[in-house]
Amino acid sequence: MELDGTPVSVVRTEGEVFAIHDICSHANVSLSEGEVEDCQIECWLHGSSFDLRTGKPSGLPATRPVPVYPVKIEGDDVLVSLNQES
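Just so it is clear, the structure is predicted and the values come from calculations on it, not from any experiment.

Q: I'd like a description of the sheet that holds strand β1 (residues 2-3), backed by residues and values.
A: The sheet built from four strands is open, its strands ordered β1-β2-β3-β7 with antiparallel pairing. Either end of the sheet is taken by a strand with one partner, and the two such strands are β1 and β7 (68-69). Bridge analysis of strand β3 (residues 16-21) against β7 gives two bridges, and the strand direction is antiparallel. Opposite I20, over in β7, you have V68 as the bridge partner.

Q: Go over the pairing of strand β8 (residues 71-74), please, and point to the residues and values.
A: As defined by bridge partners, β8 adjoins strand β9 (residues 77-80) across four bridges and the pair is classed as antiparallel. Bridging across to β9, V71 finds its partner in V80. Linking two consecutive strands that pair antiparallel, namely β8 and β9, is a turn of two residues; a positive phi of about 65° is found at G75 within it.

Rules and cut-offs
Residues numbered from 1 in each chain as written. Predicted model: local features only at pLDDT ≥ 70, side-chain atom pairs only at ≥ 80, totals over all residues. Heavy atoms only, no water. Pairing = 2+ DSSP bridges. Helix = DSSP H or I, 4+ residues; strand = E, 2+ residues; numbered from the N terminus.

This is how it looks when you write it as structure tokens:
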């Protein structure tokens, strides 16, 4: 999805909801098309994984983190702020 022109992927895993910038820092591809496991999202193109809590890559070829955004749950609504956490 896009919020104010910013691509954001919202992910629910391990009972938590996370919002992360949807573009891999290594290649211009959507992270939301990758697999999620153990609070990590994997870029489908080259296999870099990013921590959903911090945005930091956990493996090459990516070396730069991607932004993560604060999430708040209000009833059935998932609210995402574009103010970056990291």
